Amino acid sequence: MPRPPLYELNDVSYTYQALKAPPYTALRGINLRIEKGEFVAIIGASGSGKSTLMHLLGLMSDPGTGTLSMTGETSTRLDVNEKSERRNKSVGFLFQQFFLLPQLTVRENILLPTEYARSGLSLQQWNERAQDLMQRFGLSEQADKRPSQLSGGQCQRVAMCRALIMRPEVLMCDEPTGALDSATAAEVLGTLVALNQQGHTVVVITHDPEVAARAQRIIQIADGVIVSDERRSDSPAAPRKLEQSGSSTSSHELTQGFLNATLNFLKANVRLFFLPTLQALKSQRLRTLLTMTGLLLGVASVFIMLTLTGKVQDVFREFFETQGARKSFVSFDWRQAERTGAPRWQGLHVTEDLPRINQQIVKYGRLDPTIDASGCAILSPEGNYQGNLTGINSLREVEENALRISLGRMPLPHEYEAVPAPRIALLGSDAVNKLFPKSTRNSAAGSSLILGQTVRIRGCEFEGILKIIGILEPQDSLFNPEINSSLYVPTSTLISGGARVYNTRFVAVPHPDMSPTWFAQYIVNKLKLMTGNRFPLRFFSFEQELEKFNLMMGILLGLTLVIGGLCTLIGGIGVMNIMLVNVHERIQEIGIRKAVGARNRDVRRQFLLESVGLCFLSGLLGIVFGIAVSAVALQIAKSVLPRAVSLTFGIEPFALVAALVVSLGAGLVFGTWPARRAADLQIVDALKQE
Ligand code: ADP
Ligand code: MG
C-alpha cells in the first residue's frame, strides 16, 4: 500500500463570512497533492488567496467545501484538540511578521510550542534542543534578549528555531522574507533550502520570484484558483531521510516520560500563573491597582469583621463571666415610679422578710441583699477620704463576686451571722493607698502592718469603728467605678451600725441548672404579688444583656459581610473588566499560542489562572491590610477597656480561610468569561489583529 501524501486537497473552497461585508470566496476548486520532502512555492498576486490556503494547510481553519487530508487523515474528522496537537507536533510556522511574543526572551519564545507538547521530553531535554537550534542559527549570544533588541533577520531566525523545535513534518512559511532586506532574505532562503535537503517538507508562500526560483515545484494562484503547477527538473539533491526520534520506547522510558510531563506541567503552570500576572501589573500599573483596591477592601472588611467580632464576643463573654454572668439584679424601678406616680417602695426587711422568701425559693436559687452606706467619711491615723461601704452576705457571695484577698483573710462563715456582728472590714486596693499613704509608700511589708488596724466611719448611715482583716486585689467593673475604693463589710455589721435594714435592690442568684433571666423574672413576679402589685419592679440580667449584645454583633457582622460581599462583587467586576481588556490587548498573543499548538483549554487555563492570580494577590494584600487594621483596632480597644480584659491579637484561622476562599472564588467566577472569550478566538482572526 502506497504511503499517503502529506497533503491531499480535493475541490477545496473557502469563503470568508464577515459580519458587515458580503461573503467573499477566496479559494475555489483547489485540487492539490503535496508529498513528503517536497519544497513547494505558492506564488500569486496580493489578495489571490495564498495566505488563505496556508491557513488551511496549517489546520488553522477548515475548508468551506471539499476535503483536506493530512497524512491520510481528513481534517473534518479531527476535533479541535487533535488539530491543536497536529499544529504543535507536525507543522512549523514562519510568518512575515515573525509573531514573537515581546515579553518573552529568545529562549522562551523558542520553547513556546513545548509548553503545549505532549511528548515526554524533560525540560532539560527541551532546553538542550533549544540550545542546539540557537547555536545552529547563530543566536546563542541572544538567548536572554527580548525580540525588541534583535534585528529583523535575527527575529526570523528565532521564529525559525521555534518552528523547528518540535521537529515538524512540514515548515509552513508565509512570505518569510517579506520583511527582510535582500541579504538577510537570501540567508533565510538558504536555510530553508538546507532544511529541505535534510528532509523537511517546506511550503513557502511568496510573491518574490527569487524565492520561488529555489523551489522544486511552483504553484501559481490567481483569484483563488490554481492556474499552474510546475515541477522543475533541475531539482536540488534528493532529500535525505530526516533523523527519526526513537519509535520503540521501554516501560522505563514511559515512566520517565510521565514524570517529566508532570514536571513540565507544573513548571509551565507556575510560569503561566505568576509571570503574566506580574506583567499585567507592570504594563497597566495604575489600572490594575485601582481594580485590585475594590477586591482588597472587600476581602479586608470580611477579614477584619470576622477577626474583631470573634474577639469582641470572646472578651464580652469572659468579662460578663468575671462579673458573674449568672447573676441578675432585681430592684425597685424608681424611674417608672416617677413617671407613673406610683408610691415609693419601702423594700424588704433584710433579717425578717428576706430569709422567709429565700426559704420559699430554695428550689430555684437565692436572693442576696445589697446593703451599703455611701458618702461616708473614712478615717485612719494616716489619712482619710470619702467613700462607700459595701455589704457582703456570705463567703459564697464573695467568691462569686470574684473578690480575691491579696493580704490578710476573708471573714469566717460564722462571722456573717454572729450576734453581735463583728466590726470587721476588707479594704479595696485603692482604699489602702488612700487610708495608709505612708505605710504603703515603700513596701509590701508596710501593707502587712495595716492588718489589725482600725478605721473610723462617720457622716453616713453607718457610724463606728472597723478592724481591717484583709486587703483585696484590684478588680474591674464596667458598672461600679468605686469598686476598688470601697470597704467590704458583712451586711449584718452594716445594719448593726445603723445602715438601713430595708432593702430595695437584690442580687438574684439561680441554681446552676436554672436560667438567670427566668429566675430574675420569677422573683420580680413573686415580689409584685407579695406587695399587691403596687410597685414597679425591674431586673437586669447579665445573660440577657449578653444575648442582646450577641444579637447586635450578629447584625453588625451580617451587615459587614453584605458590604464586604458588595465590595468583592464590585472588585470582581473590575477584575473581569481588566481581564477583558487584557484579552483584547493580547489577541495576537493568543493567536500565536494557538498557532503553535495551544488547545482552547490551555488558553482558558492561562487567563483563568491570571485572574485567579490577580485576585489572590489582592486577597493577600487585603489580608495584610486587614491584619494591620485589626491590630490597631484591638490596641485602641485595649487602652479603653478595663485592665483585666485579656485582649491579645491573634489571626482567626476561619477569617484567614474565608478571605482566601473569597479572593480565589472571585478570581474563578469573574475570570471565567474573559478566559472563555480568549479561548474561543479564531486563530486566523487573532493573528490578523494588530
Ligand atoms: P494573499 O495572502 O494572497 O495576499 P489572502 O489569502 O490573505 O491573500 O486573502 C485572499 C482574499 O480574501 C483577499 O481578497 C482578502 O481581501 C480576502 N480576505 C482575507 N481575509 C479576509 C477576512 N477575514 N474577511 C474577508 N475577506 C478576507
Ligand atoms: Mg498573504
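Residues numbered from 1 in each chain as written. Chains lettered and ligands numbered in written order. Predicted model: local features only at pLDDT ≥ 70, side-chain atom pairs only at ≥ 80, totals over all residues. Heavy atoms only, no water.

1. Quick look at the sheet that holds strand β1 (residues 7–16)
Backbone-to-backbone hydrogen bonds pair the strands of a sheet. The strands run either parallel or antiparallel.
Part 1: The four strands are arranged β2-β1-β4-β5 in an open sheet whose pairing can be described as antiparallel. Of all strands in the sheet, those with a lone pairing partner are β2 (24–34) and β5 (73–74), marking the two edges.
Part 2: Pairing geometry for β1 and β2, over seven bridges, is antiparallel. Following the sheet pairing, E8 is matched in β2 by R33.
Part 3: Docked against the sheet, helix α1 (residues 50–57) engages β1, β2 and β4 (65–70), running at close to 125 degrees with respect to β1. (Pairing = 2+ DSSP bridges. Helix = DSSP H or I, 4+ residues; strand = E, 2+ residues; numbered from the N terminus. Contact = heavy atoms within 4.5 Å. Axes fitted to C-alpha atoms, helices over the stretch in contact; angles between N-to-C directions.)

2. Let's talk about the site of ligand 1
Part 1: Taken together, Y16, Y24, A26, A45, S46, G47, S48, G49, K50, S51, T52 and K688 make up the full set of residues near ligand 1.
Part 2: Within the backbone of K50, one N or O atom sits 2.9 Å away from an oxygen atom of ligand 1.
Part 3: One of the side-chain N or O atoms of S51 is found 2.7 Å from an oxygen atom in ligand 1.
Part 4: Summarising the interface, the protein chains cover 69% of the accessible area of ligand 1, which totals 560 Å² for the free molecule.
Part 5: Listing elements by their share of the shell around ligand 1, those giving two or more residues are β2 and α1. (Near = heavy atom within 4 Å. Polar contact = N/O pair within 3.5 Å; in protein donor to acceptor, adjacent residues only side chain to side chain. Areas by Shrake-Rupley, 256 points an atom, 1.4 Å probe, with all protein chains shown as cover.)

3. Describing the pairing of strand β19 (residues 464–472)
Part 1: With seven of its nine residues buried, β19 lies for the most part within the structure.
Part 2: Here strand β16 (residues 405–408) pairs with β19 via three bridges, running antiparallel. Residue L407 lies in a different strand from β19, and its bridge partner there is I471.
Part 3: Sheet analysis places strand β17 (residues 424–427) next to β19, joined by four bridges and oriented parallel. Of the residues in β19, the one forming a bridge with A425 is I468.
Part 4: Where strand β18 (residues 454–458) meets β19, four bridges bridge the pair, whose relative direction is antiparallel. Looking at the pairing, V455 lines up with L466 of β19. (Buried < 20%, exposed > 50% of the residue type's maximum accessible area, 1.4 Å probe, protein only.)

4. Points about the sheet that holds strand β6 (residues 91–95)
Part 1: Spatial strand order, β6-β7-β8-β3-β9-β10: six strands in an open sheet with mixed pairing. Strand pairing shows two members of the sheet lacking a second neighbour, β6 and β10 (225–231), which therefore form its edges. Strand after strand, the sheet turns through a mean of 15 degrees between neighbouring axes, direction not considered.
Part 2: In this sheet, strand β8 (residues 201–206) lies alongside strand β3 (residues 39–44) in parallel orientation, the contact comprising five bridges.

5. A few points about the state of the cysteines
Part 1: One pass over the full model with this rule turns up one disulfide.
Part 2: Here C376 pairs with C460 through a disulfide, and the sulfurs are 2.0 Å apart. Judged by the torsion about the S-S bond (100 degrees), the C376/C460 disulfide is right-handed. Separated by 84 residues along the polypeptide, C376 in strand β14 (residues 372–379) and C460 in the loop between β18 and β19 bring together distant segments of the chain. (Disulfide = S-S within 2.5 Å.)

6. Observations concerning the environment of I495
Part 1: Position of I495 among the secondary structure elements: in helix α16 (residues 491–496).
Part 2: Linking I495 and V350, residues 145 residues apart in sequence, is a C-alpha distance of 9.0 Å.

7. Some details on the packing of helix α19 (residues 587–595) against helix α20 (residues 600–640)
Part 1: In contact at an axis separation of 10 Å, α19 and α20 are set at 140 degrees when each is read in the N-to-C sense. Looking at the two axes, α19 sits oblique to α20. The two elements α19 and α20 cross, and the hand of that crossing is right-handed. Of the residues in α20, those touching α19 at E589, I590, R593 and K594 are N600, V603, Q606 and F607. (Parallel < 35°, antiparallel > 145°, perpendicular 65-115°, else oblique. Left-handed = near helix turned anticlockwise from the far one by under 90°.)

8. What to know about the pattern of salt bridges
Part 1: Counting across every chain of the model gives 21 salt bridges.
Part 2: The salt bridge partner of R33 is E35, with a shortest N-O separation of 3.1 Å.
Part 3: When the shortest N-O distance is used, the salt bridge between R593 and E589 registers 2.9 Å. Of the two residues, R593 and E589 are both situated in helix α19; the distance of four residues between them amounts to about one turn of the helix.
Part 4: According to the relative accessible area criterion, E589 is buried, its value standing at 6%.
Part 5: Residues joined by salt bridges that share partners form a network here, namely E115, R586, E589, R593 and E610. (Salt bridge = Lys/Arg side-chain N within 4 Å of Asp/Glu carboxyl O.)

9. Considerations on the packing of aromatic side chains
Part 1: Enumeration over the complete set of coordinates arrives at ten aromatic pairs.
Part 2: Seen in terms of ring centroids, W345 and F535 are 6.2 Å apart; in terms of plane orientation they differ by 35 degrees. Their pairing is tilted. Taken together, the residues span a long stretch of sequence, with W345 in the loop between α10 (334–340) and β12 (348–349) and F535 in the loop between α17 (516–530) and β23 (537–541) at a distance of 190 residues. A single burial state applies to W345 and to F535, both of which are buried.
Part 3: For the ring pair Y364 and W518, a centre distance of 5.3 Å and an interplane angle of 75 degrees mean the geometry is edge-to-face. (Phe/Tyr/Trp six-rings, centres within 6.5 Å; stacked < 30°, edge-to-face > 60°.)

10. Topic: the confidence of the model for the protein
Part 1: Summarising the model, the protein shows a mean pLDDT of 86, and 90% of its residues fall at 70 or more.
Part 2: When the elements of the protein are averaged for pLDDT, helix α8 (residues 251–283) gives the smallest value, 62, and β1 the largest, 95.
Part 3: Confidence over residues 235–249 falls short of pLDDT 50; this stretch has 17 contacts with residues more than four positions distant or in other chains. (pLDDT = per-residue confidence, 0-100.)

11. Describing the side chain of H55
Part 1: In this fold, H55 is placed in helix α1.
Part 2: Under the relative-accessibility criterion, H55 is labelled buried at 8%.
Part 3: Filtering out sequence-adjacent residues up to four positions away, H55 remains in contact with Y16, M60, S61 and V684.

12. Quick look at unusual backbone geometry
In most cases, non-glycine residues show a negative phi, while peptide bonds are predominantly trans.
Part 1: A cis amide bond links V419 with the next residue in sequence, P420, at an omega value of -5 degrees.
Part 2: Looking at the element boundaries, P420 is found in the loop between β16 and β17.
Part 3: Residues other than glycine seldom take positive phi values, yet N533 does so here, at roughly 60 degrees.
Part 4: The exposed category is assigned to N533, whose relative accessible area is 58%.

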